[in-house]
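# Topology and contacts: notes
Each chain, letter by letter, is given below.
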Amino acid sequence: MKEDRLAELNDLGSLLELPEELSRESALGERLSALLESLNTTNPDRTRLRMVANLYHANEYDREAKCLYDWLIASAEDDLERARLNYLAAQLVKEKGDSEGAMSYLETSVAAYDGYGLALAQLGEANFKEGSLDTAAELFQEAKSIDRELASAYVGLARVFERRGEIEQMVKELESVLEFDAVNSSALALLSQVYARLGDEKRAYEASEAIEYSAGVPENDPWFQEVIDAIYDVQRLDFLFLDYFTLNRFEEALPYLERMEALDPENPRYSRYRAVMYMGFGYYEKAEEELREGLAKGGAADVFYPLLVKSLSLRGNKEEAERTARAAAERFGASGELNLEWSRLLVEQGAYEEALSVLERGIESDPYSLELHFARARLGMKKGKIDQANESLRMLRQLAPMDAEAMVRAALVLMEAGRFGEALPFLQQSHQVAPFYDEAIELLSDAHYELGLEAVKSRKVDEALERFEKSLALRPRRMDALGARAQVAVQASRFQEAELALQALLSAAGDRPGILIVYGDVLFRNRKLEEAREVWNVALRLVPNEGSESELRRELKARLEQTSSLGAGEG
């Protein structure tokens, strides 16, 4: 069989000639030409031929790549080499949607060498799609045994358990992934779905919120790395770069950036990438050099100047940052990001009126920028420009009604100004969108508590108690609201309500003499003499009796003495 295939493939023919559509002058054409010219067509060097196959594969010359892989597979003498080549061929045809071909190559790869976890996991995935659940489960388990941190094997096995209805085992597999890959989007997405089906809405929400909305970092794949290293397409390299760059994993992103720069040295985008990485590491002067170089290469002013101003500011060079901002605005006009950075500099200098003016011009340039509206709302509220602040807050609510975090940030602008009632609609919107968003819950509880205190000052007892109840409905054990509710009820002589409020306060705070004496007084008012005396006795035992007797001990003893003739003893 091997000899028959070799006979068919022995004449490599046009595969060892540069494809007509590929220019010899391009970087890829130059590299391929050098390799092809060095090959002996009678007895080609396998290492160089494999490099040619990788270059074809990496740069989407699929027919040529497949034919070379097949020739190399048919003539391979070593099982490990045969396994790797079949694995690469599987990736090639899978990229083009040939799942049947990919499965055939993977089966051959695993048959030749069963020690590569990703090959096993991918074959498991292929069997899963074919409905062969038992075979898929075995392959996923084997892949896990080889690589205990191979996320795709755990996720694949979880999907097998889901198909079988074994939900507890499914959850166990997915939670295992998060132990070594806390932001694995596949595991989190499946967990969110299964928690929702189980009725655990809070955990479903938390899992969905934890998902990183980037393409995610590919699994480490040493066998495929030789193809990645052969990519000459800057767009594909850009995608790979961004997988790491967007997660601030700059060291892993850097090799892809260096390759893009070598292929397209005049592209200003790469200067921006380098500048952002330098800023992330705190190398602001290097960032500024890159940004100026990017501008010299034709980089967009509204992209590069805001970053330059920000870098200068972070480095402490505020005067140059402001000069740069003014010069850029004068030359290129207002832009949202530039004016935002410029306004921050002006705020630091106390030039609030000018900062508001700069923000206004920024909003004219970019009326849908959330950050510009947040900045104007905060500054306007702080400096008494309420109309401007409210206009931006209204815009924020229109622009981002389903963004729970944005609604909380808008509410904070109002709460910092003491406008708790106006903050409520934003917080309620955030809570409605994301019922388990902790910051929204906390701030909504705070707002009701503060409104309760305002009602107390205005002697509106019913409103105050209602606000404290709403605050506690969101945060049942917050001590300040529990104490305030109890205090208002006592002062209003609503002793039935006060009794319940003090019970809740003691449950949260534990037995404290100061609270117990008031609780005893309320029980006494509610004609519960024995219970009152029991509570006072507990309080008395908790108050230290050292040296001169404390005022609290004297008060407790007085209550017990005054009520002793009414019924019970001190106990």
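Scroll up to find the structure this text is about.
In what follows, the accompanying structure is described. (Residues numbered from 1 in each chain as written. Predicted model: local features only at pLDDT ≥ 70, side-chain atom pairs only at ≥ 80, totals over all residues. Heavy atoms only, no water.)

Below, the discussion takes up the packing of helix α2 (residues 27–37) against helix α3 (residues 46–58). One way to put it is that α2 packs onto α3 with a least axis distance of 10 Å and a crossing angle of 155 degrees. Classified by the angle between their axes, α2 and α3 sit roughly antiparallel to one another. As for the relative orientation of α2 and α3, their crossing is left-handed in sense. The residues of α3 that touch α2, namely those facing Leu 28, Arg 31, Leu 32, Leu 35 and Leu 36, are Arg 48, Met 51, Val 52, Leu 55 and Tyr 56. Tallied by class, residues from the contact of α2 with α3 come to 8 nonpolar, no polar and 2 charged. (Axes fitted to C-alpha atoms, helices over the stretch in contact; angles between N-to-C directions. Helix = DSSP H or I, 4+ residues; strand = E, 2+ residues; numbered from the N terminus. Parallel < 35°, antiparallel > 145°, perpendicular 65-115°, else oblique. Left-handed = near helix turned anticlockwise from the far one by under 90°. Contact = heavy atoms within 4.5 Å. Nonpolar A, V, L, I, M, F, W, Y, C, P; charged D, E, K, R; others polar.)

Let us now look at the packing of aromatic side chains. A full pass over the atoms with the stated rule returns 19 aromatic pairs. On the basis of an interplanar angle of 75 degrees and a centroid distance of 5.8 Å, the ring pair of Phe 250 and Phe 281 is categorised as edge-to-face. Of this pair, Phe 250 sits in helix α15 (residues 250–263) while Phe 281 sits in helix α16 (residues 268–281), placing them 31 residues apart in sequence. An aromatic cluster is defined as three or more aromatic residues linked by ring pairs; in this entry it consists of Phe 241, Phe 245, Phe 250, Tyr 270, Tyr 273, Tyr 278, Phe 281 and Tyr 283. Across from the ring centre of Phe 426, 5.5 Å away, lies the NZ or CZ of Arg 397, which sits over that ring. Between the NZ or CZ atom of Arg 478 and the centre of the ring of Tyr 449, over which it lies, the distance is 4.9 Å. (Phe/Tyr/Trp six-rings, centres within 6.5 Å; stacked < 30°, edge-to-face > 60°. Lys NZ or Arg CZ within 6 Å of the ring centre and 35° of its normal.)

What follows covers helix α10 (residues 167–180). Among the residues of α10, those classed as buried are Met 170, Val 171, Glu 173, Leu 174, Ser 176 and Val 177. Elements in contact with the buried residues of α10: α8 (133–146), α9 (151–164) and α11 (185–197). (Buried < 20%, exposed > 50% of the residue type's maximum accessible area, 1.4 Å probe, protein only.)

This brings us to the nonpolar core. Leu 32, Val 52, Tyr 56, Tyr 69, Tyr 87 and Phe 241 are the most contacted members of the largest nonpolar core, which totals 66 residues. In terms of residues, this core owes the most to one element, helix α5 (residues 79–95), which gives 8 residues. In this view, Val 52 contacts Leu 32, Leu 35, Leu 36, Leu 39 and Leu 68; residues no more than four positions away in its chain are not counted. (Core = buried A, V, L, I, M, F, W, Y, C linked by side-chain atoms within 4.5 Å.)

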